[in-house]
Amino acid sequence: MSYLLLRRNKKFVSFIARHYPILKTLINPPDPPHLLQSPCSILRISHYATTQSSSKFPEYEMPTVTWGVIQGKKEKLVNRVKICDYLKSLGVITDELESIELPSTVEVMSERVEFLQKLGLSIDDVNEYPLMLGCSVRKNLIPVLAYLEKTGISRSKLGEFVKNYPQILHASVVVELAPVVKFLRGLDVEKQDLGYVLMKYPELLGFKLEGTMSTSVAYLVSIGVSPRDIGPMVTQYPYLLGMRVGTMIKPIVDYLVSIGLPKKIVARMLEKRAYVIGYSLEETVKPNVECLISFGVRRELLPLVIAQYPQILGLPVKAKMSTQQYFFSLKLKIDPEGFARVVEKMPQIVSLKQNVIMKPVEFLLGRAFQVEDVARMVVRCPQILCSRVELMKNSYYFYKTEMGRPMKELVEYPEYFTYSLESRIKPRYQKLQSKGIRSSLNWFLNCSDQRFEERLEGNFIDADTEGPVFDMGGKLDMPGGGGEVVSDEDDDESDDDEVLYRRTVTL
């Protein structure tokens, strides 16, 4: 039995020595270190090396596995000096490299530098974050960059990405990068948008899932933001995932609610304009709101102004309002109070270019409208300043040639120019003509198709109403409640041009 065991052991030893040469040293221990001629030997894993070398030869430390070579203290210092001299010759500042492990040879460091330069990084970029030189090409750079390219970042932009966030080179693909990408996909960020989101805010890849990202999403959903809209919001403004709820998001939401905006309206506003939560509350939002009030915008209409044009919270409002107010006074003869009414109805006017404003104004002046009439029209309906002159011409000629109405009606109802000639004005007017009905412009244009048909088929004529108004309570109400009914008797007592009447139609 002992003979068989000995024979089996010899066969096993022979097999190990033949197929795993590195383990041969465990079976046949090498000569003691003092017999070695070279100061640096090929790595040998042996009991002797781990127990006796450090005590007998103080210039050696515990083996450091760096490309299969054990370096002594003196050799490490020599090679480190050589590497630092090489980097200094390239213009690299090496002060921050003292605390990190560097490769064993200049050749390996040269490979790293060349790789980074091919990526598009300059020596100045390396000096911005010299710790990237401590990253192995094969173990760090290639796996990370390959994964980023897989997420949708084009190879041509990888250099820019690393410039913006060089810390990414130290990250683990499995432990750090992949979970964040999975989290973004779980928020309904489209796969084709991942590259855009990460390029815009690369620091996302350094966040912890259970930290700021999760709490910011949870808070937005709690105020009424639809979970389905979180993905588009992140795509539009990924920085919201890095904002703390208590110090950034909640204070601005609370302030908007305090000036009259209902939470549901705030939620809808953020769904479409997520970047609003990035405005500084104390430095931008509050000063802009106070500025609007100082220019004559009524406090009760602030919610309407902000809901229509959320960007106004982040603009240099004082400078823009001052410029536009002076322009309206000089060119359109509109006083500051009238300008405030214009801003209330169309706050986008503060950002509208003056040459764009003048085109429809010049068109109206060229059609024999007086300056005062144009001013009245702009104050009543500033949206005409955004209308295309070509479309205004078509609507005006139809009004003059087909409808044959006085110019006074256009002054009183300039909204006429904001409706489509082919889809609303012309077909509705033709229906009125077919039924022999004469009405004001407001009556047959300022309503839905269903409401218009009801008016045509109704046995009474309801009065003209203003457009929808946004109340501080958060509801969108039509003025006049249910609307007062104007009977046929009322029509007989009023001017035909101003009061609507209906001729009885026998079906």
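In this report, the structure presented in the accompanying data block is examined.

Rules of the game
- Residues numbered from 1 in each chain as written.
- Predicted model: local features only at pLDDT ≥ 70, side-chain atom pairs only at ≥ 80, totals over all residues.
- Heavy atoms only, no water.
- Salt bridge = Lys/Arg side-chain N within 4 Å of Asp/Glu carboxyl O.
- Helix = DSSP H or I, 4+ residues; strand = E, 2+ residues; numbered from the N terminus.
- Buried < 20%, exposed > 50% of the residue type's maximum accessible area, 1.4 Å probe, protein only.
- Contact = heavy atoms within 4.5 Å.
- Core = buried A, V, L, I, M, F, W, Y, C linked by side-chain atoms within 4.5 Å.
- Polar contact = N/O pair within 3.5 Å; in protein donor to acceptor, adjacent residues only side chain to side chain.
- Phe/Tyr/Trp six-rings, centres within 6.5 Å; stacked < 30°, edge-to-face > 60°.

1. Section: the pattern of salt bridges
Taken as a whole, this structure holds 16 salt bridges when the rule is applied. Between D254 and K250 there is a salt bridge, and its shortest N-O distance comes to 2.8 Å. Here the residue D254 and the residue K250 both occupy positions in helix α14 (residues 245–258), the gap between them amounting to four residues, near one helical turn. Given the relative accessible area of 32%, D254 is considered partly exposed. As a salt-bridge pair, E282 and K286 come within 3.1 Å of each other at their nearest N and O atoms. Here the residue E282 and the residue K286 both occupy positions in helix α16 (residues 281–294), the gap between them amounting to four residues, near one helical turn. Among the residues examined, E282 registers a relative accessible area of 54% and is labelled exposed. Ionic contacts of the salt-bridge type, sharing partners, join the residues R298, E337, R341 and E344 into one network.

2. Some remarks on the environment of F115
Within the fold, F115 resides in helix α6 (residues 106–119). Taking the C-alpha atoms as reference points, F115 and I142, 27 residues apart in sequence, are found 9.7 Å from one another. Beyond its immediate stretch of four places on either side in the chain, F115 contacts V137, L141, I142 and L145.

3. Some remarks on the nonpolar core
If you look at the biggest cluster of nonpolar residues, it comprises 139 residues, and the most contacted ones within it are I168, F328, I349, Y416 and F417. The contact partners of F328, leaving out residues within four places of it in the chain, are K333, I334, F339, V342, I349, I357, V378 and L385.

4. Points about the side chain of S440
Mapped onto the elements, S440 comes out in the loop between α24 (421–435) and α25 (441–445). Polar contacts involving the side chain of S440 include one to the main-chain amide nitrogen of W443, which spans 3.2 Å.

5. Structural notes on the packing of aromatic side chains
By the definition in use, this model includes eleven aromatic pairs. Plain terms: the ring middles of Y201 and F207 are 5.8 Å apart, the flat faces sit at 65° to each other, and that makes the pair edge-to-face. Its relative accessible area of 25% is what places F207 among the partly exposed residues. Taken together, the aromatic side chains of Y201, F207, Y237 and Y239 make up a single cluster linked through ring pairs.

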